[in-house]
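# Structural characterization, general
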Amino acid sequence: MTSQPNRLAQGGVIDRTKKIRFSFDGQKFTGHDGDTLASALLANGVRLVGRSFKYHRPRGILSAGSEEPNALVELRSGARREPNTRATTIELYDGLDAASQNRWPSLKFDVLAANQLFSPIFGAGFYYKTFMWPASFWEKVYEPAIRRAAGLGRGAGLPDPDHYDKVNAFCDVLVIGAGPAGLAAALTAARSGCRVILAEEDFRLGGRLLAERYEIDGAPALDWVKAAEAELESLPDCRILRRTTVQGVYDGGTYAAIERVNDHVAVPPAHQPRQRLWRIVAKRAVLAAGAIERGIVFGDNDRPGIMLAGAVRAYVNRYGVTPGKRAVIFADNDDAFRTAADLADAGVAVAALIDARKAPSAAAQHIAEGAGARYLSGAAIERVGGGRGVNAVEIRDAAGKAEQVDCDLVAMSGGWNPSVHLTTHLNGKPQWNEGLSALVPGSLPPGMSVAGAAAGSFGLASCLAEGLAAGAAAAAECGFAASAGKTPAASDDSGAASPVWLIDKSRGKAFVDFQNDVTVSDVKLAAREGFRIPEHLKRYTTLGMATDQGKTGNANGAAVLAAVTGRYIGAVGTTTFRPPFTPVAISAFAGHHRGPDFRPARLASSHAYAEEQGAMFVETGPWLRALYYPKRGEDPQDAVNREVANVRERVGVCDVSTLGKIDVQGKDAGRFLDRVYANTFSTLPVGKARYGLMLREDGFVLDDGTTARLAEDHYFMTTTTANAVKVMQHLEFCQQGLWPELDVQTVSVTEQWAQFAVAGPRARDVIQAIVDSAYDLANEAFPYLACGDVTVCGGTPGRLFRLSFSGELAYEIAVPARFGDSLARAIVEAGAAFGIAPYGTEALGVLRIEKGHPAGGELNGQTTAHDLGFGKMLSAKKDFIGRFMAAREALTDPARPRLVGLRPLDRADLIRAGAHLIPKDAELVAKNDQGYVTSIAYSPSLGHWLGLGLLARGPERHGEIVRAFDPVRNGDVLVEVRPPCFIDQDGERLRV
Amino acid sequence: MSDRHLRPMSALAGLAIPGRYGKAGGEPGVTIVERLGLGLATVAARKGAPLRAAVKASYGVNLPDDSSVGQGPELSFVGYGPGQWLAVSESLANESLARDLAQRLRGLASISDQSGGRTVLRLSGPRARDVLAKGLSIDLHPRAFSPGSAATSTIALMGVQLWQIDDTPSYDIALFRSVSASFWRWLTSSAPEFGYEVTTS
């Protein structure tokens with residue numbers, strides 16, 4: 001094949017000195033710098049680029065922009081393969097590799113094209129009606145088969161190897177679109193000194209000026225574009241974002257935009273992202289997004305070679321490409337007939353100008369004469385010749401006479417639709433403009449104005465004038481002195497159309513929505529079946545769905561629906577446009593937050609030490625905590641058993657820094673705590689800690705923990721790891737909202753302190769070796785629940801608490817977190833002589849279950865103090881949050897499920913958490929369900945499994961045998977109801 | 001008593017290794033240094049206490065009423081809420097700041113030592129704003145944020161306090177110690193585009 005047979009020798013904004021090699025479906029081609037994949041394919045004479053979604057019809061290139069419904073390709077290969085990319089927006093780069101989609105075995109010969117023979121049964125709602133029975137077949141049989149047959153491209157199926165950024169930006173004025181209106185708006189705004197962001201979807205500024213042969217101030221319009229671009233670049237507070245599509249409008253003047261930073265190269269350069277998701281906060285925005293042309297609905301209007309007229313001008317004028325050798329123009333507006341002049345000047349034969357309007361247009365007639373073409377008004381294309389590409393059209397003229405005209409290019413236009421999409425994202429409703437036969441912006445998002453074609457002003461002079469004015473107004477509203485200045489001289493032809501909407505007599509499938517293969521007969525069928533509003537029509541026929549969201553098809557769809565239901569098009573309405581404006585890669589939404597960075601992880605200060613010891617970790621909320629520390633060859637259960645036994649028999653150390661820690665200070669700190677805790681804290685002596693129970697306002701348990709009094713006006717509260725944030729918020733609410741009169745200050749100090757539990761009969765020996773000798777730690781001097789400031793390891797300030805979660809003699813020792821790693825190592829070193837071993841959260845759980853302490857499984861938001869055996873802690877001498885509601889009859893009902901211990905009757909049996917508790921001889925039905933198992937553990941101390949559970953009237957039933965029934969995992973064992981505490985019921989070990 | 005003294009450890013130990021990273025050549029877009037040894041403490045005013053005058057008398061600082069920095073010779077106060085400040089000091093290092101504040105502002109403010117609980121990074125350089133913009137949804141343009149401005153916000157889902165030091169621009173960013181490694185991963189995936197240098201001072 002000759003290289004680029006359809007490339008003009010000159011003209012356009014491409015660099016012919018730079019040859020770019022690329023391949024499509026394995027065939028090698030060359031194009032030029034400045035090309036898109038679509039323009040380069042057309043330059044090389046490639047018209048057939050894909051197969052359609054449902055009928056596998058041959059499809060070519062319809063448009064020259066992001067509205068493209070047909071020319072979707074798989075771009076790149078391997079992990080970077082991206083399906084459904086629009087050939088019209090892909091910038092050509094050296095080595096580009098693209099493949100057509102939805103065809104097998106090849107693009108030219110596609111087996112499933114036979115689908116169109118069965119099209120009578122593939123109408124709207126076909127899937128819903130056909131694949132109804134049996135229902136179980138839908139997921140496993142029908143849907144996969146349908147997806148294979150009617151699909152678009154294939155995803156890579158591999159992790160995206162590239163990096164994606166999210167960026168925040170702020171400005172006074174955001175200008176969306178850099179065509180004549182947008183450039184003008186950006187100029188006046190930026191000249192005033194305000195901060196401007198100009199976002200342009202294309203890789204070049206200029207918008208339609210790139211595609212047309214306009215003049216501004218008597219010179220080529222692109223000279224004006226170049227000057228505007230240079231001026232904007234010279235202004236320090238103006239940022240131009242090229243290759244950036246504004247995708248959505250959100251509250252507070254927030255806009256989302258995607259910048260395709262490196263989609264125009266094979267692989268992003270080192271350290272560069274592929275795309276950036278911009279979050280732009282703008283005080284004002286000027287929408288200058290232009291307009292999108294619509295086609296005409298006639299039979300076989302989807303054949304390759306039938307293109308939008310504006311796109312044909314873009315290929316000729318911007319890319320120097322002739323998309324055909326002999327053209328006809330079929331349109332209902334004068335703007336489109338200018339295509340004939342552009343084609344003729346580029347040396348393309350123009351056979352005929354077919355004007356769908358009844359009244360002849362002098363302007364169109366004039367163009368036809370200049371192009372040496374025939375002009376037929378009140379005429380239409382009724383038939384298209386050629387399968388894989390148009391080769392002739394049959395025209396019926398106003399008199400009813402039909403004739404065939406040979407051609408390989410049809411430039412069609414049904415008028416232009418202003419790009420109103422972004423005006424509707426905050427529920428703005430576009431309005432039908434009868435004069436323009438198009439929807440124009442209605443109510444606008446706060447702070448947004450619209451200029452140029454997006455507002456329905458299609459003439460160039462109007463675009464410039466509106467842009468200048470909108471930019472100046474936006475800047476002025478931001479407090480800058482701005483003036484619109486003089487509008488440059490330019491032509492001002494309006495693009496108004498007199499649409500015919502539907503060529504009803506034509507033969508062949510007349511497509512409304514190319515991407516979803518929705519035809520006129522589908523719309524008619526839907527209307528007959530009662531889907532008479534566009535939203536319903538969309539769901540039933542898929543009109544307006546998928547990657548293009550009906551950018552070229554929606555208006556025609558509404559018009560056909562209006563016609564077949566006998567309504568005025570302006571009354572039919574439209575579907576809702578929602579973000580994003582164009583498809584966005586999931587990776588762009590994820591940005592940095594992928595894999596291990598999905599969310600931040602909080603690491604305790606002993607994390608590195610635990611890693612060195614080979615710990616397995618578990619996520620506890622945002623924290624990573626050591627779960628257990630397996631020795632070489634040790635299985636998890638053995639490791640946990642060993643760690644538990646070591647605490648019971650010798651001594652263990654566990655990082656408990658993840659518990660929430662809150663400093664509560666101030667003159668009224670004690671009074672404050674009396675109100676937030678169910679039990680009393682104002683009476684707690686300095687140097688002592690106390691277990692506390694916090695209720696919610698509704699009387700259920702919120703959280704528990706110990707709080708120590710470090711000074712008269714200073715308490716140190718701890719919370720569970722899971723509830724740390726919730727409790728802090730609760731305290732702030734109480735302090736600021738409920739009792740602002742109290743002198744109390746709260747602040748989280750969770751991060752400040754590395755805190756370790758040292759537990760076991762030898763705990764004092766270890767602690768004495770760590771704490772400096774000035775401190776007397778004898779049992780009498782520092783008894784159970786004592787606390788105080790100490791120094792450790794020769795002077796490091798710390799705190800010591802005599803607290804126990806395990807039921808053993810135990811301490812918690814705290815130092816500023818930067819010493820945490822060192823303290824962990826020092827404790828293990830000092831404890832070696834006493835047989836110390838680190839233990840993880842799994843052993844911690846076993847130890848507390850053996851002791852019957854409630855934790856996550858029991859503090860589940862549904863239990864009361866009475867349920868957990870803490871009824872006596874509810875002070876009768878004071879008011880506190882939850883007091884009144886906790887006293888409700890139902891909450892203190894003895895028949896409520898309450899905390900019990902459970903022991904398997906056959907000690908070899910395994911109890912399962914979640915198993916239901918049912919009386920021994922009762923029928924296994926829901927009404928006999930009396931509670932469930934909340935926590936289980938294998939107790940190495942007792943040599944069998946045990947559990948905690950919530951059982952109706954539990955405390956009254958100690959000694960009874962019940963069934964722990966787990967239908968999900970076939971568990972059905974008899975268990976004995978016991979007091980929750982299995983070890984050292986009298987708590988003697990705590991106090992030795 | 002153990003004869004081994006405890007050694008402090010940065011939460012970025014093994015991560016913040018001095019060197020030049022990312023885009024090569026030219027001035028680094030941003031320079032990153034961990035500010036070790038800072039005294040950090042939260043200061044919360046007691047109800048109705050004449051704290052302002054005491055702070056002025058003791059430290060020569062006008063306590064800011066908004067999210068900005070009150071700078072004094074020994075220490076600065078970064079406002080982060082009504083009646084709440086983060087005190088930051090180089091000379092009153094580590095725990096000594098909280099001790100000093102507790103002594104001099106006794107009964108006037110509630111002091112909590114935070115010197116072990118925060119990692120403070122200083123980001124400086126011509127592209128510091130561009131790096132921060134990848135995670136921080138606060139406008140750092142000189143018209144909106146200047147030396148002495150402060151903010152409490154999030155970066156990549158992690159809570160931060162930051163304040164501007166100078167027009168380089170330089171920013172100090174205080175983050176919770178436990179997320180330091182996650183923050184470092186965000187920072188070192190955001191800065192390479194501009195070239196960055198990790199230094200120790």
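If you're wondering where the values come from, they're calculated on a predicted model, not measured in any experiment.

Scanning chain B from N- to C-terminus turns up four helices and twelve strands. Across its three principal axes, chain B shows a C-alpha extent of roughly 55 × 55 × 30 Å. In chain B, buried positions account for 56% of the 201 residues. Counting contacts in chain B only where the partners sit at least 6 residues apart, residues at least 24 apart contribute 64% of the total. Of the roughly 7,900 Å² of accessible surface on chain B, 51% is carried by carbon and sulfur atoms.

The next subject is the nonpolar core. Residues and elements named next belong to chain A. Core analysis: the largest hydrophobic core is formed by 80 residues, its most contacted members being Leu37, Val328, Phe330 and Leu353. Ranked by the residues each element gives to this core, the list is headed by helix α1 (residues 37-43), at six residues. Leave out the neighbours within four places in its chain, and Val328 touches Ala351, Ala352, Ile354, Ile381, Val393, Val405, Cys407, Leu409, Val410 and Ala411. One finds Val173, Leu187, Tyr214 and Leu232 within the second-largest nonpolar core, a separate group that totals 36 residues.

As a further point, take the interface of chain A and chain B. Facing the 67 residues of chain A at the interface are 51 residues of chain B. Note on chain A versus chain B: buried area summed over both sides is about 4,700 Å², and carbon and sulfur give 49% of it. Counting the surface chain A buries against chain B, the share from its top three residues, His271, Glu751 and Arg818 of chain A, is 16%. Our count for the chain A to chain B interface comes out at eight salt bridges. For Arg195 of chain A, the salt bridge goes to Asp139 of chain B, with nearest N and O atoms at 2.9 Å. Taken together, the connections running from chain A to chain B amount to 37 residue pairs in polar contact (both at pLDDT 80 or more). Grouping the amino acids of the side of chain A that touches chain B by side-chain chemistry returns 27 nonpolar, 19 polar and 21 charged.

Residue and element names in this part refer to chain A. Pairing within the open sheet is antiparallel, and its three strands lie in the order β21-β22-β23. The sheet terminates laterally at β21 (380-385) and β23 (402-406), the two strands that pair on one side only. Within the sheet, the average angular offset between the axes of one strand and its neighbour, ignoring direction, is 25 degrees. Of the strand pairs in this sheet, strand β22 (residues 392-396) and β23 are connected by five bridges, and their pairing is antiparallel. Counterpart to Arg396 in the pairing with β23 is Ala402.

That bond from Pro579 of chain A to Pro580 of chain A is cis: its omega, -5 degrees, falls within 30 degrees of zero. Its location among the elements puts Pro580 of chain A in the loop between α13 (569-572) and α14 (586-590). In the segment running from Thr168 of chain B into Pro169 of chain B, the intervening peptide bond is cis, with an omega of 5 degrees. Within the secondary structure layout, Pro169 of chain B lies in the loop between β10 (158-166) and β11 (170-176). Within the chain, Asn84 of chain A stands out as a residue other than glycine whose phi angle is a positive 60 degrees. Mapped onto the secondary structure, Asn84 of chain A falls in strand β6 (residues 82-86). Positive phi, normally seen in glycine, also occurs at His271 of chain A, with a value near 70 degrees.

To continue, consider a nonpolar patch on the surface. Residues and elements named next belong to chain A. Residues Trp104, Phe109, Val111 and Leu112 make up a contiguous nonpolar surface patch of roughly 440 Å² in combined accessible area. One can find Phe109 in the loop between β7 (96-99) and α2 (126-130). Classification of Phe109 as exposed rests on a relative accessible area of 53%.

With the rule as written, the count across this model stands at 17 aromatic pairs over all chains. Taking 5.7 Å as the distance between ring centres and 35 degrees as the angle between the ring planes, the aromatic pair formed by Tyr315 of chain A and Tyr319 of chain A counts as tilted. The buried category is assigned to Tyr315 of chain A, whose relative accessible area is 1%. On the basis of relative accessible area, Tyr319 of chain A is assigned to the buried category, the value being 1%. Relative to Tyr171 of chain B, the ring of Phe145 of chain B has its centre 6.4 Å away and its plane inclined at 40 degrees; by these criteria the two rings are tilted. Of this pair, Phe145 of chain B sits in the loop between α3 (128-133) and β9 (150-155) while Tyr171 of chain B is found in strand β11, placing the two residues 26 residues apart along the sequence. Its guanidinium or amino end placed over the ring of Phe581 of chain A, Lys551 of chain A lies 4.4 Å from that ring's centre, counting from NZ or CZ.

Quick look at the sheet that holds strand β43 (residues 810-816) of chain A now. All names here are of chain A. Pairing in this open sheet of six strands is mixed, and the strands run β41-β42-β43-β40-β34-β44 from one edge to the other. The open sheet has two edge strands, β41 (787-792) and β44 (836-838), and neither has a second partner. When the angles between neighbouring strand axes are averaged without regard to direction, this sheet yields 25 degrees.

This paragraph deals with the packing of helix α10 (residues 520-528) of chain A against helix α12 (residues 554-564) of chain A. Residues and elements named next belong to chain A. At a minimum axis separation of 10 Å, α10 and α12 run at an interaxial angle of 50 degrees. Here α10 lies oblique to α12, going by the angle between them. Here α10 runs over α12; the crossing is right-handed. Contacts from Val520, Val523, Lys524 and Ala527 in α10 reach Gly557, Val560, Leu561 and Val564 in α12.

The element strand β6 (residues 84-89) of chain B is largely enclosed, with a buried count of five among its six residues. What sits between the antiparallel neighbours strand β5 (residues 75-81) of chain B and β6 of chain B is a turn of two residues, in which Gly83 of chain B has the positive phi angle 70 degrees.

The subject of this paragraph is the side chain of Glu812 of chain A. All names here are of chain A. Position of Glu812 among the secondary structure elements: in strand β43. Although buried, Glu812 forms no salt bridge, and the nearest oppositely charged side chain, Lys661, lies 8.3 Å from it. A polar contact is formed between the side chain of Glu812 and the side chain of Gln755, at a distance of 2.8 Å. Excluding residues within four positions of it along the chain, Glu812 makes contact with Val656, Gln755, Phe756, Ala757, Arg799, Leu800, Phe801 and Leu803.

Attention shifts here to the side chain of Gln665 of chain A. Turning to its location among the elements, Gln665 of chain A is positioned in strand β35 (residues 660-665). Setting aside residues up to four positions removed in sequence, Gln665 of chain A forms contacts with Asp713, His714, Asp743, Val744 and Gln745 of chain A together with Arg46, Ser110, Ile111 and Ser112 of chain B.

Another aspect to go through is the environment of Val55 of chain B. Residue and element names in this part refer to chain B. Along the chain, the position of Val55 falls in helix α1 (residues 51-59). For the pair formed by Val55 and Leu123, sequence separation is 68 residues and the distance between their alpha carbons is 29 Å. Among residues more than four places away in sequence, those in contact with Val55 are Gly60, Val61, Leu63, Phe77 and Leu105.

In this section: the environment of Gly871 of chain A. Residue and element names in this part refer to chain A. Relative to the helices and strands, Gly871 is located in the loop between α21 (841-851) and α22 (883-886). Between the alpha carbons of Gly871 and Ala886 there is a distance of 9.7 Å; along the sequence they are 15 residues apart. The residues contacting Gly871, other than those within four sequence positions of it, are Ala865 and His866.

In low-pLDDT segments, the atomic positions of the prediction should not be examined closely. Mean pLDDT over chain B works out to 96, with 99% of the residues at or above the 70 mark. Predicted as a complex, the structure gets a pTM of 0.94 and an ipTM equal to 0.97.

Residues and elements named next belong to chain B. With the rule as written, the count across this model stands at 73 salt bridges over all chains. With a closest N to O distance of 3.0 Å, Arg104 and Asp100 form a salt bridge. With Arg104 and Asp100 both in helix α2 (residues 95-104), this residue pair falls four residues apart, about one helical turn. Classification of Arg104 by relative accessible area gives partly exposed; the value is 33%.

Cut-off values and rules
- Residues numbered from 1 in each chain as written.
- Chains lettered and ligands numbered in written order.
- Predicted model: local features only at pLDDT ≥ 70, side-chain atom pairs only at ≥ 80, totals over all residues.
- Heavy atoms only, no water.
- Helix = DSSP H or I, 4+ residues; strand = E, 2+ residues; numbered from the N terminus.
- Buried < 20%, exposed > 50% of the residue type's maximum accessible area, 1.4 Å probe, protein only.
- Contact = heavy atoms within 4.5 Å.
- Areas by Shrake-Rupley, 256 points an atom, 1.4 Å probe, with all protein chains shown as cover.
- Core = buried A, V, L, I, M, F, W, Y, C linked by side-chain atoms within 4.5 Å.
- Buried area = accessible area lost by both parts, 1.4 Å probe.
- Salt bridge = Lys/Arg side-chain N within 4 Å of Asp/Glu carboxyl O.
- Polar contact = N/O pair within 3.5 Å; in protein donor to acceptor, adjacent residues only side chain to side chain.
- Nonpolar A, V, L, I, M, F, W, Y, C, P; charged D, E, K, R; others polar.
- Pairing = 2+ DSSP bridges.
- Axes fitted to C-alpha atoms, helices over the stretch in contact; angles between N-to-C directions.
- Patch = residues over 30% accessible without salt bridge, like charges linked within 9 Å, V, L, I, M, F, W, Y side chains within 5 Å.
- Phe/Tyr/Trp six-rings, centres within 6.5 Å; stacked < 30°, edge-to-face > 60°.
- Lys NZ or Arg CZ within 6 Å of the ring centre and 35° of its normal.
- Parallel < 35°, antiparallel > 145°, perpendicular 65-115°, else oblique.
- Left-handed = near helix turned anticlockwise from the far one by under 90°.
- Lys, Arg positive; Asp, Glu negative; His and termini not counted.
- pLDDT = per-residue confidence, 0-100.

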